[in-house]
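Structural overview for review
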Amino acid sequence: MKKNFDRCLEMLLHHEGGFTADKFDPGNDGDGYGNQGSTNMGVTAKVYAAFTGQPAPIEVMQKLTVADVAPIYKQNYWDRVRADDLPSGVDWAVFDWQVNSGNRSAKALQRNVGATADGAVGPMTLQAVANHDPEDIIRNMHSSRDTFYRSLKLFDRYGRGWTRRNDETLEAALQMLGKG
């Protein structure tokens with residue numbers, strides 16, 4: 001079993017950046033305690049509150065550290081897509097999109113390898129992945145992600161950043177595979 005989580009988390013945090021309070025962010029509808037739009041290192045107030053079982057007011061969100069968010073990313077995203085069982089590079093492509101757009105990436109991975117697109121990465125999905133060229137999977141994930149982003153209503157507002165992130169993810173995934 002490979003261990004790319006730390007490397008991928010570092011790349012992810014580069015994409016996610018620091019504290020923001022963007023009321024237009026469609027991925028952040030608050031924490032249920034009146035905290036709208038608060039995100040730090042990509043973790044929304046709602047996700048942090050659900051993970052910790054505690055409210056996540058802005059004062060808490062502003063002080064989050066890598067040590068606070070790493071377990072969230074590991075449990076809620078990395079482990080959920082069984083990234084340790086995916087080829088290097090494929091793990092990064094799936095993980096980054098999983099964080100950025102939810103379970104869409106697991107379903108896209110499954111569609112790209114001909115598995116049932118139920119979002120639950122299990123033995124059948126992993127076998128289908130093993131039967132495909134990792135470079136093809138990475139490139140297909142990039143293409144699927146680009147198509148998804150371009151379909152969104154907020155593409156005019158966020159599209160440049162989304163597509164840059166997708167392109168950077170492709171480049172890093174191919175490098176991890178030894179193709180970049």
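Scope of this entry: the structure provided in the associated data block. Small disclaimer: the values here were computed from a predicted structure and weren't measured.

1. Quick word on the environment of Val 99
By secondary structure assignment, the location of Val 99 is in helix H5 (residues 90-101). The class of Val 99 is buried, set by a relative accessible area of 12%. Each C-alpha atom, one on Val 99 and one on Trp 78, is 8.7 Å from the other, the two residues being 21 residues apart in sequence. Once residues within four sequence positions are removed from consideration, Val 99 is found in contact with Leu 12, Glu 16, Tyr 73, Tyr 77 and Arg 165.

2. Brief notes about the packing of helix H4 (residues 66-78) against H5
Between two packed helices, both the angle of their axes relative to each other and the distance between the axes serve to describe the pair. Taken N-terminus to C-terminus, the directions of H4 and H5 make an angle of 100 degrees; their axes are 10 Å apart at the nearest point. Considered as vectors, H4 and H5 are oriented roughly perpendicular to each other. Residues Tyr 73, Tyr 77 and Trp 78 of H4 lie in contact with H5, whose contacting residues are Asp 91, Phe 95, Gln 98 and Val 99. In terms of residue class, the contact of H4 with H5 is made up of five nonpolar, one polar and one charged.

3. Re the sheet that holds strand S3 (residues 43-44)
The three strands are arranged S1-S2-S3 in an open sheet whose pairing can be described as antiparallel. The sheet terminates laterally at strand S1 (20-21) and S3, the two strands that pair on one side only. As paired elements, strand S2 (residues 38-40) and S3 share two bridges and run antiparallel to each other. Residue pairing for S3: Asn 40 is matched across the bridge by Val 43.

4. As for helix H6 (residues 104-113)
Residues of H6 that are buried include every one of Ser 105, Ala 106, Ala 108, Leu 109, Gln 110 and Val 113, and no others. Among the structural elements, H5, helix H7 (123-130) and helix H8 (134-150) are those in contact with the buried residues of H6. Two residues or fewer past H6, Gly 114 is found with a positive phi of approximately 80 degrees.

Quick notes on the rules
Residues numbered from 1 in each chain as written. Predicted model: local features only at pLDDT ≥ 70, side-chain atom pairs only at ≥ 80, totals over all residues. Heavy atoms only, no water. Helix = DSSP H or I, 4+ residues; strand = E, 2+ residues; numbered from the N terminus. Buried < 20%, exposed > 50% of the residue type's maximum accessible area, 1.4 Å probe, protein only. Contact = heavy atoms within 4.5 Å. Axes fitted to C-alpha atoms, helices over the stretch in contact; angles between N-to-C directions. Parallel < 35°, antiparallel > 145°, perpendicular 65-115°, else oblique. Nonpolar A, V, L, I, M, F, W, Y, C, P; charged D, E, K, R; others polar. Pairing = 2+ DSSP bridges.

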